[in-house]
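Fold and contact review
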Amino acid sequence: QVQLVESGGGLVQPGGSLRLSCAASRSIFNMGWYRQAPGKERELVAGITGDYRTNYADSVKGRFTISRDNAKNTVFLQMNILKPEDTAVYCCNAKERVVGGEIKDYWGQGTQVTVSS
């Protein structure tokens, strides 16, 4: 099992910045952030592997940066130039392959990000 604890959400004006953090209870290779806005499906925002390979949703490229501190089992999401359409509940995610080859997902509790003037 992996426990994920998020922090850093809140209310910010358009054009502003926020930084989300997610601390895992142990080392895990694949981590990332998803978000879900009201009435919409959950979507991947950004992912990062233990060797620092990253991927981003097209809608956040150039504005968001995902990073990690492997010594602290923590992943970060720096969000800049925030837009109202970034408003959503952001959830930390971790994935690992378990016995039998299945991919197991772990989720944080979610943190609200609201972009509004």
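For the structure, check the block above.
Residues numbered from 1 in each chain as written. Predicted model: local features only at pLDDT ≥ 70, side-chain atom pairs only at ≥ 80, totals over all residues. Heavy atoms only, no water.

We now examine the overall build of the chain. Check the secondary structure of the chain and you find zero helices and 11 strands. Tracing the chain from N to C terminus, the helices and strands come up as β-β-β-β-β-β-β-β-β-β-β. Its C-alpha radius of gyration of 14 Å places the chain within 12% of the 13 Å reference for a compact globule of 117 residues. With the principal axes as the frame, the chain shows a C-alpha extent of 50 × 30 × 25 Å. (Helix = DSSP H or I, 4+ residues; strand = E, 2+ residues; numbered from the N terminus. Rg over C-alpha atoms; globule rule 2.2 N^0.38 Å.)

On inspection of all chains with the given rule, the structure shows one aromatic pair. With centroids separated by 5.1 Å and ring planes inclined at 70 degrees, the aromatic side chains of Tyr 34 and Trp 107 adopt a geometry described as edge-to-face. Of this pair, Tyr 34 sits in strand β4 (residues 30-36) while Trp 107 sits in strand β10 (residues 103-107), placing them 73 residues apart in sequence. On the basis of relative accessibility, which here comes to 32%, the residue Trp 107 falls in the partly exposed class. Above the plane of the ring of Phe 76 lies Arg 19, whose end atom (NZ or CZ) is 4.1 Å from the centre. A cation over an aromatic ring shows up here: Arg 42 above the ring of Trp 107, its NZ or CZ 4.0 Å from the ring centre. (Phe/Tyr/Trp six-rings, centres within 6.5 Å; stacked < 30°, edge-to-face > 60°. Buried < 20%, exposed > 50% of the residue type's maximum accessible area, 1.4 Å probe, protein only. Lys NZ or Arg CZ within 6 Å of the ring centre and 35° of its normal.)

Looking now at the side chain of Ser 21. Along the chain, Ser 21 turns up in strand β3 (residues 18-24). In this structure, Ser 21 is in contact with Val 5, Glu 6, Ser 7, Trp 33, Val 75 and Phe 76, ignoring residues within four places of it in sequence. (Contact = heavy atoms within 4.5 Å.)

Turning to the pairing of strand β1 (residues 4-7), a few remarks are in order. Residues Leu 4 and Glu 6 line the buried face of β1, whereas the alternating positions Val 5 and Ser 7 sit on a face that is not buried. As paired elements, β1 and β3 share four bridges and run antiparallel to each other. Its bridge partner being in β3, Leu 4 is matched across the sheet by Ala 24. (Pairing = 2+ DSSP bridges.)

Scanning the model with the defined rule gives one disulfide in all. Each disulfide pairs two cysteine sulfurs, and for Cys 22 the partner residue is Cys 92, the sulfurs being separated by 2.0 Å. Given an S-S torsion of about -85 degrees, the disulfide between Cys 22 and Cys 92 has left-handed geometry. Highlighted residues: Cys 22 in strand β3 and Cys 92 in strand β9 (residues 88-97), separated in sequence by 70 residues. A disulfide-free cysteine, Cys 91 has its sulfur positioned 8.7 Å from the sulfur of Cys 92, the nearest such atom. For Cys 91, a relative accessible area of 15% gives the class buried. (Disulfide = S-S within 2.5 Å.)

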